[in-house]
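Residue-level listing of the chains:
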Amino acid sequence: MKSPIVRRFLKRKVSIIGLAVLLAFFLMALIGPFLCSYDPLGQDTSMISQGPSAEHWFGTDYLGRDTFTRIVYGARVSLGISFAGVLSGCFVGIILGVCAGYFGGWVDAVISRIIDVLLAFPGLLLAIVIVAILGNGTQNTVIAIAVFAVPSIARMVRGVVISNKDAQYIGAAKVMGESDGQIILTHIIPNSVSQIIVNVTLNLGTAILTSSSLSFLGMGVQPPSPEWGAMLNKAKEVIRTNPWEAIFPGLVITLVVMSFSLVGDGLRDALDPKLKNVS
């Protein structure tokens, strides 16, 4: 028997479509490289800038590399960077949010001011500043995405903790002698899980866009890595003569970002406590 949460999610057809698209890309990232017959870094000077064909489904780039193969391999790079960055930011954001909301006082004041400063910067601008300070590369892109993800998760967790820390079950746990650490781990954080899941899902789409934007600007993952944004960076130079080099990576980025947003919206509606009695 399906749970009410699953039933509510399944009512949103667009969210189901988004989930199907994401699963297809995850599957492509996992097993796609084993099915490709071309090397994503292999150059063929006899096939430079060829259009889509039966041999090269998405055409070839300016070095004769198969675009479809590079997109498949790029799924691992782009999704891997986004997941690593968002999950790292989620871990730090949960710690900051719990500390700010549970302990309050000067702890809350300091953490809240840090969050406010981070939120004052537009997300992409903040990522650009971090990469500009740390330097280009995959690792620094992950760090930039993590820092970008921290404030929204921390503020959300802080709000949930503040609304729950004075609840009767928390008072009962204190009376029974549970420590602050036990209360946080067994009561506070579990009550924040649904909001965290939604926040992480929405942040993953933004992380894909941020990672691709940094690479497009030449500040993220560097060539010859088959990262989607880096592919667009090179494709912009020949977009008038070989538009397929930009169309396919751009379409993939759009599909993934939209799918994360659709799934995130569906999860938000399905997990909304106000809708628990609706089935």
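The structure this text deals with has already been given above.
For the structure given in this document, a descriptive report is provided here.

Conventions used here
Residues numbered from 1 in each chain as written. Predicted model: local features only at pLDDT ≥ 70, side-chain atom pairs only at ≥ 80, totals over all residues. Heavy atoms only, no water. Helix = DSSP H or I, 4+ residues; strand = E, 2+ residues; numbered from the N terminus. Expected span 1.5 Å × (residues − 1). Bend = angle between axes of the 7 residues up to and from the residue. Buried < 20%, exposed > 50% of the residue type's maximum accessible area, 1.4 Å probe, protein only. Phe/Tyr/Trp six-rings, centres within 6.5 Å; stacked < 30°, edge-to-face > 60°. Lys NZ or Arg CZ within 6 Å of the ring centre and 35° of its normal. Core = buried A, V, L, I, M, F, W, Y, C linked by side-chain atoms within 4.5 Å. Contact = heavy atoms within 4.5 Å. 1 Å grid on protein atoms, 1.4 Å probe; cavity = no way out; pocket = protein on both sides within 12 Å on 5 of 7 lines; lining within 4 Å. Points joined across faces, edges and corners; volume = space filled by probe spheres on them. Nonpolar A, V, L, I, M, F, W, Y, C, P; charged D, E, K, R; others polar.

Some words on helix 2 (residues 13-35)
Inference 1: With 23 residues, helix 2 extends 31 Å from end C-alpha to end C-alpha; this agrees with the ideal 33 Å at 1.5 Å per step.
Inference 2: Maximal helix bending in helix 2 amounts to about 50°, located at A29; proline P33 follows within four positions.
Inference 3: Buried within helix 2 we find S15, G18, L22, F25, M28, A29, G32 and P33.

Quick look at the packing of aromatic side chains
Inference 1: Here the structure, examined in full by the defined rule, presents seven aromatic pairs.
Inference 2: Pairing F25 with W228 gives two aromatic rings, centres 6.1 Å apart and planes at 70°, and the pair type is edge-to-face. Highlighted residues: F25 in helix 2 and W228 in helix 10 (residues 228-235), separated in sequence by 203 residues. Like W228, F25 is buried.
Inference 3: Aromatic rings pair up to connect W57, F58, F68 and F248 into one cluster.
Inference 4: For K236, the ring lying beneath its charged end belongs to F216, and the centroid distance is 5.6 Å.

As for the environment of I239
Inference 1: Residue position: I239 is located in the loop between helix 10 and helix 11 (244-271).
Inference 2: With a relative accessible area of 46%, I239 lands in the partly exposed category.

Section: the nonpolar core
Inference 1: With 51 residues, the main nonpolar core has V157, W228 and V256 as its most contacted residues.
Inference 2: For this core, the secondary structure elements donating two or more residues are helix 2, helix 3 (67-103), helix 6 (138-164), helix 7 (168-175), helix 8 (180-188), helix 9 (193-216), helix 10 and helix 11.
Inference 3: For this core, the leading source of residues is helix 11, giving twelve residues.
Inference 4: If we skip the residues at most four places from it in the chain, W228 touches F25, I71, G74, A75, S78, S212, P249, V252, I253 and V256.

Side note on the layout of surface pockets
Inference 1: Roughly 190 Å³ of internal volume is contained in the largest pocket.
Inference 2: Around the largest pocket, the lining residues are M28, G32, L35, C36, S37, Y38, E55, W57, D66, F68, T69 and V72.
Inference 3: Secondary-structure elements contributing two or more residues to the lining of the largest pocket are helix 2 and helix 3.
Inference 4: Residue composition of the lining of the largest pocket, grouped by class: seven nonpolar, three polar and two charged.

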